[in-house]
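# Analysis of the macromolecular model
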Amino acid sequence: MTPHQIFHLRSSWSKVVPIADVASTMFYNRLFEIAPDTQPLFSGANMEAQREKLISAIGLVVEKAEQLDALRPALEELGRSHVSYGVKDHHYDAVGAALIWTLDQGLCDDFTEEVRSAWTIAYALVSGIMRNAAQHFESVAA
């Protein structure tokens with residue numbers, strides 16, 4: 001990611017943090033709306049804790065945006081662990097769409113094309129690491 005993209009991630013995220021609970025609720029509502037097959041994956045989850053994990057994970061990515069390679073082992077483990085929860089590859093697209101939608105709704109006019117682009121790139125990088133680890137894990141397990 002470029003310094004300019006990282007700036008947009010951080011400046012926009014600083015506006016989301018004060019409304020994190022609302023934003024994370026919007027995110028999961030949108031995810032379940034556009035990908036109803038994801039809702040059963042959370043049937044046993046404490047959604048309040050899940051929303052906190054989501055915000056924490058995104059915050060960590062924003063904080064470490066210059067050093068995503070340092071997060072690679074944790075992201076790979078996250079990708080592998082999501083396989084056991086029933087997450088499929090196509091779910092990553094729905095999560096990305098729900099994330100971008102949530103940011104758009106929450107940031108309103110502050111969700112410029114540059115901000116959208118920065119988030120889209122960041123999500124593609126993070127989800128790419130997770131997806132690759134999950135696919136490798138599934139192929140080894142098979």
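Now for a look at the structure at hand. Predicted model only: the values in this text are computed from it and were never measured.

### Some words on the packing of helix α2 (residues 20-34) against helix α3 (residues 47-63)
Orientation of α2 relative to α3, taken along the N-to-C sense of each, is 105°, at an axis distance of 9 Å. Comparing their axes, α3 and α2 come out roughly perpendicular. Touching A20, D21, S24, T25, F27, Y28 and F32 of α2 are M47, Q50, R51, L54 and I55, all from α3. Class assignment of the residues belonging to the contact of α2 with α3 gives a composition of seven nonpolar, three polar and two charged.

### A few points about the environment of T2
Here T2 shows up in the segment before α1 (3-16). Once the C-alpha coordinates of T2 and E66 are considered, the two residues, 64 residues apart in sequence, prove to be 8.3 Å apart.

### Points about the nonpolar core
Counting residues in each nonpolar core, the largest one holds 40 residues, and the members touching the most others are L31 and W119. When contributions to this core are tallied by element, the ones reaching two or more residues are α1, α2, α3, α4 (68-84), α5 (89-107) and α6 (113-141). Of the residues forming this core, the biggest block, nine residues, is contributed by α6. In this structure W119 touches H8, L9, S12, W13, I58, V62, L99, I100, L103 and F111, once residues within four positions along its chain are discounted.

### Quick word on the pattern of salt bridges
Any two side chains of opposite charge can pair, on the condition that their charged atoms come close. Scanning the entire structure with this criterion turns up 12 salt bridges. Ionic pairing is found between D21 and R51, a salt bridge with its closest N-O pair at 3.5 Å. Within this pair, whereas D21 is found in helix α2, its partner R51 is found in helix α3, the two being separated by 30 residues in sequence. In this structure, D69 engages R72 in a salt bridge whose closest nitrogen and oxygen atoms are separated by 3.5 Å. Residue D69 and its partner R72 are located together in helix α4, separated by three residues, close to a single helical turn. Looking at D69, the relative accessible area reads 60%, which means it is exposed. A single network of salt bridges, built from pairs that share partners, joins D69, R72 and E76.

### Structural notes on the side chain of H8
As for its placement among the helices and strands, H8 is situated in helix α1. Note on H8: relative accessible area 10%, which makes it buried. Those residues in contact with H8 that sit more than four places away from it in its chain are E114, V115, A118 and W119.

### Thoughts on the packing of aromatic side chains
Within the structure shown, the criterion is met by five aromatic pairs. Aromatic side chains F27 and Y28 sit 4.8 Å apart centroid to centroid with 80° between the ring planes, which places their arrangement in the edge-to-face category. Residue class for F27 comes out buried when judged on its relative accessible area of 4%. Ring centres of Y28 and F32 lie 6.0 Å apart, and the angle between their planes is 40°; on these two criteria the pair is classed as tilted. One end of the pair is Y28 and the other is F32, both in helix α2 and four residues apart, which spans about a single turn. Considered together, Y28 and F32 belong to a single accessibility category, that of buried residues. Put simply, the rings of F27, Y28, F32 and F42 pair up and form one aromatic cluster.

Calculation rules
- Sequence order as written defines the numbering, with residues in each chain counted from 1.
- For a predicted model such as this one, the threshold for reporting local features is a pLDDT of at least 70, and the threshold for listing and counting side-chain atom pairs is 80 or more; totals across whole chains, interfaces and linings nevertheless cover every residue.
- As a rule here, side-chain values cover all heavy atoms of the structure and leave hydrogens and water aside.
- Between the N-to-C directions of two axes lies an angle of 0 to 180 degrees, each axis being a line fitted to C-alpha atoms and, for a helix, fitted only over the stretch in contact.
- Helix numbering and strand numbering both begin at the N terminus, where a helix is a DSSP run of H or I of at least 4 residues and a strand a DSSP run of E of at least 2.
- For this classification, under 35 degrees means roughly parallel, over 145 means roughly antiparallel, 65 to 115 means roughly perpendicular, and everything else is oblique.
- Contacts between residues were defined by any pair of non-hydrogen atoms, one from each residue, lying within 4.5 Å.
- Under the scheme applied here, ten amino acids are nonpolar (Ala, Val, Leu, Ile, Met, Phe, Trp, Tyr, Cys and Pro), four are charged (Asp, Glu, Lys and Arg), and all others, including Gly, are polar.
- Within this scheme, the nonpolar core is defined by two criteria: the residues are buried Ala, Val, Leu, Ile, Met, Phe, Trp, Tyr or Cys, and they are joined through side-chain atoms within 4.5 Å.
- Accessibility here uses a 1.4 Å probe with only protein chains present; expressed as a share of the type maximum, an area under 20% marks a residue as buried, one over 50% as exposed, and anything in between as partly exposed.
- By definition here, a salt bridge exists when the distance from a side-chain nitrogen of Lys or Arg to a carboxyl oxygen of Asp or Glu is within 4 Å.
- In summary, the pairing rule links any two rings of Phe, Tyr or Trp, Trp by its six-membered ring, whose centres are within 6.5 Å, and it sorts them by plane angle into stacked for under 30 degrees, edge-to-face for over 60 and tilted for everything else.

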